[in-house]
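Results of the structural survey
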Amino acid sequence: MSVVTVQLGQCGNQIGFEVFDALYNDSHCPQGLCSKRENEIYQASCKERFFSEEENGVPIARAVLVDMEPKVINQTLSKAAQSGQWKYGQHSCFCQKQGSGNNWAYGYSVHGPRHEESIMNLIQKEVEKCDCLSGFFIIMSMAGGTGSGLGAFVTQNLQDQYSNSLKMNQIIWPYGTGEVIVQNYNSILTLSHLYRSSDALLVHENDAVHKICAKLMNIKQISFRDINQVLAHQLGSVFQPTYSMEGSSHYRRNPLGDLMENLVPHPEFKMLGIRNIPQMSENSLAYSTFTWAGLLKHLRQMLISNSKMEEGIDWQVRPPLSGLPPLGKVSLNRELHFNTSLANLVILRGKDVHSADLGGFKDPALYTSWLAPVNAFNVWKTQRAFRKYEKSAALVSNSQFLLKPLDTIVGKAWNMFASKAYIHQYTKFGIEEEDFLDSFTLLEQVVASYCNL
């Protein structure tokens, strides 16, 4: 089954390129640590998901690129074409000459309706190339205007026109220090609209990925490209093929459907996060060896202490004893110590994968009381290594990991809203104060729901 990727705005298009590049390079990596036949089946499965028929032997990404300024799309197209390995379709882009000026309302209320037909036609053409559609993967930021405003509009249209297909939005959470003065407004409007029209929100925080670049990848001057490559690595480690069940040699056919089924048991809880282990520069990788026991011990502690990387994990955090509420469950004002999960999926790739013991993730104390661990925890495996990592693990979790950032963004937006700061920039494009209030109400309900897990 195939996934159609929709890349929106500068951020969505730059990340989208790195994702396709990572998927292609991994599937053609000679060091897959598996038989030639197994490697060919893996390649074919990856290609079916993310690339369509070849043109002169070059696979074409199943993607639609949308931006309101031409510069980034032109750069993205030429970078893909120059790689000589894969490319974007000739007629898969839509761009204009005028951006959205970091205004969510402009992207949503002006660009959206004005270009709706052209964008939806492009998406339809891409869908028609799929033998069987798994769903849509929509990559966007939430701080600016095009990715966030137009992204919310397009997702809503996809929900209307393809109501039976799954929609997963990959969202880039802005730096806490802020890039755009109205980023908190843009963020709450994006999140609240996506909560109504998307099936799952896969969230990456810029601050967390920045730290991974600095601490684990040892990059001195971090660029957006460095950050996007870490994101692409994490996404690839989730979306590349895995076996459908223990002992099977068949790969899963429906990547989005399987993810949703395992991780979104209730429409009130749609926030997903990814953690990867190990993550390091290629130079360090050559001198490192790992055991499954060591990797999984670290990954479990990263989950329960809400750490985004294996460096600086708080080993003091422990699951609560049954029957006692965990620290910080009562209110958000207290530091959240223990990160309660609703559902977790561990994806293991590499050598001796069948010997890995995942008992630590089946502990009922890790999960909310209304879901049994047998329903809340799943594992996917393949002996085929990912990139150059002999052993690697990814954890996709639906947990309380975003409570603090979400509460902070809602709080900051509310403080601005209470003093009517910049509201006129939104009302002049048809986003009324009532829309803001609806967004606050919905997101406060999300915070409360996760708080009470």
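Quick notes on the rules
Residues numbered from 1 in each chain as written. Predicted model: local features only at pLDDT ≥ 70, side-chain atom pairs only at ≥ 80, totals over all residues. Heavy atoms only, no water. Pairing = 2+ DSSP bridges. Helix = DSSP H or I, 4+ residues; strand = E, 2+ residues; numbered from the N terminus. Axes fitted to C-alpha atoms, helices over the stretch in contact; angles between N-to-C directions. Parallel < 35°, antiparallel > 145°, perpendicular 65-115°, else oblique. Left-handed = near helix turned anticlockwise from the far one by under 90°. Contact = heavy atoms within 4.5 Å. Buried < 20%, exposed > 50% of the residue type's maximum accessible area, 1.4 Å probe, protein only. pLDDT = per-residue confidence, 0-100. Core = buried A, V, L, I, M, F, W, Y, C linked by side-chain atoms within 4.5 Å. Domains from an automatic or database assignment. Lys, Arg positive; Asp, Glu negative; His and termini not counted. Salt bridge = Lys/Arg side-chain N within 4 Å of Asp/Glu carboxyl O. Expected span 1.5 Å × (residues − 1). Polar contact = N/O pair within 3.5 Å; in protein donor to acceptor, adjacent residues only side chain to side chain. Buried area = accessible area lost by both parts, 1.4 Å probe.

Taken in spatial order, the 10 strands make up an open sheet running E6-E4-E1-E7-E8-E9-E10-E13-E11-E12, and their pairing is mixed. Unpaired on one side and paired on the other, strand E6 (93-95) and strand E12 (377-382) mark the two borders of the sheet. The average angle at which neighbouring strand axes cross in this sheet is 20°, direction not considered. The pairing of strand E1 (residues 2-8) with strand E7 (residues 133-141) spans 6 bridges and is classified as parallel.

Relative orientation of the contacting elements helix H6 (residues 183-197) and helix H13 (residues 403-418) amounts to 120°, with a least axis distance of 9 Å. Taken together, the axes of H6 and H13 lie oblique to each other. Our pair here, H6 against H13, has a crossing hand that is left-handed. In this structure, H6 contributes Asn184, Tyr185, Ser187, Ile188 and Leu191 to the contact, and H13 contributes Leu406, Ile409, Val410, Lys412, Ala413, Met416 and Phe417.

As a further point, take the pairing of strand E9 (residues 200-205). Of all 6 residues making up E9, 6 are buried, and the element is well covered by its neighbours. By the alternation rule, side chains of E9 split into Ala200, Leu202 and His204 and Leu201, Val203 and Glu205, which are all buried. In this structure, E9 lies alongside strand E10 (residues 271-277), joined through 2 bridges in parallel fashion. When the bridges of E10 are listed, Leu201 appears paired with Met271.

All right, on to the confidence of the model for the chain then. On average, residues of the chain carry a pLDDT of 91, and 95% of them reach 70 or more. Ignoring residues within four places in sequence, the model shows residues 327-336, a span with pLDDT below 50, making 16 contacts including any to other chains.

Judged by nonpolar contacts, the single largest core of 62 residues is most densely connected at Ile123, Phe136, Tyr185, Leu191, Met271, Tyr426 and Phe436. The element contributing the most residues to this core is helix H4 (residues 104-128), with 8 residues. Counting only domains with at least three residues in this core, you end up with domain 1 (2-273) and domain 3 (404-452). Apart from residues no more than four positions distant in its own chain, Phe436 is found in contact with Tyr185, Ile188, Leu189, Phe417, Ile423, Tyr426 and Ile431.

For the rest of this paragraph, the subject is the side chain of Glu310. Considering the arrangement of structural elements, one finds Glu310 in the loop between helix H11 (292-304) and strand E11 (341-350). Buried and unpaired, Glu310 has Arg275 as its nearest opposite-charge partner, separated by 9.7 Å. Glu310 has contacts with Leu216, Asn276, Ile277, Pro278, Gln279, His298 and Met302, leaving out every residue within four places of it along the chain.

Moving on, we get to the pattern of salt bridges. Enumeration according to the criterion identifies 11 salt bridges in this entry. One salt bridge connects Glu126 with Lys129, and the closest N-O pair in it is separated by 3.4 Å. In this structure, the salt-bridge partner of Glu390 is Lys351, at a minimum N-O distance of 3.8 Å. Taken as a pair, Glu390 in the loop between E12 and strand E13 (391-399) and Lys351 in the loop between E11 and helix H12 (373-376) lie far apart in primary sequence, 39 residues in all. Glu390 sits in the partly exposed class, given a relative accessible area of 35%. Lys351 sits in the partly exposed class, given a relative accessible area of 41%. One salt-bridge network, in which partners are shared between bridges, spans Lys351, Glu390 and Lys391.

This part is about unusual backbone geometry. Put simply, Ile277 and Pro278 share a cis peptide bond, and its omega is -10°. Here Pro278 lies in the loop between E10 and helix H10 (282-285). Phi is positive for Asn306, close to 55°, though the residue is something other than glycine. Structurally, the position occupied by Asn306 is in the loop between H11 and E11.

So, on to the environment of Gln383. Positionally, Gln383 belongs in the loop between E12 and E13. Sequence separation between Gln383 and Cys95 is 288 residues; the distance between their C-alpha atoms is 42 Å.

For H4, spanning 25 residues, the distance from its first C-alpha to its last is only 30 Å, which falls clearly below the expected 36 Å at 1.5 Å a residue. For H4, the capping residue at the N-terminal end is Asn103, with a side-chain oxygen 2.8 Å from the backbone nitrogen of Ala105.

Let us look at the domain arrangement of the chain. By a frequent convention, interface size equals the accessible area lost on bringing the separate parts together. Each domain of the chain was delimited in the assignment, giving domain 1 (2-273), domain 2 (277-320 + 338-400) and domain 3 (404-452). Here domain 1 and domain 2 have C-alpha centroids that lie 24 Å from each other. Contacts between the two partners involve 47 residues from domain 1, matched on the other side by 35 residues from domain 2. Together domain 1 and domain 2 conceal approximately 3600 Å² of surface at their shared face, both sides included; 58% is due to carbon and sulfur atoms. Remark: the boundary between domain 1 and domain 2 carries 2 salt bridges. In this structure, Glu205 and Lys308 form a salt bridge, with 3.4 Å as the shortest nitrogen-oxygen distance. Linking domain 1 with domain 2 are 15 residue pairs in polar contact (both at pLDDT 80 or more), by the criterion used here. Broken down by secondary-structure element, the contributors of at least two residues to the side of domain 1 that touches domain 2 are helix H1 (9-27), helix H2 (36-50), E9, helix H7 (206-216), helix H8 (224-239), helix H9 (255-263) and E10. No other element matches H8, which puts 6 residues into the side of domain 1 that touches domain 2.

Let us now look at the environment of Phe377. Summarising the element assignment, Phe377 is placed in strand E12. For Phe377 and Asn262, which are 115 residues apart along the polypeptide, the C-alpha to C-alpha distance reads 7.6 Å. For Phe377, the contacting residues outside a window of four places in its chain are Asn344, Val346, Leu358, Phe361, Lys362 and Tyr367.

Attention now moves to the pairing of E10. Counting buried positions along E10 yields 7 of 7 residues, so the element is predominantly enclosed. In E10, alternate side chains face the same way, and those of Met271, Gly273, Arg275 and Ile277 on one face and Leu272, Ile274 and Asn276 on the other are all buried. One ladder, built from 5 bridges, connects E10 with E13; its direction is antiparallel. Residue Gly273 lies in a different strand from E13, and its bridge partner there is Ser397.

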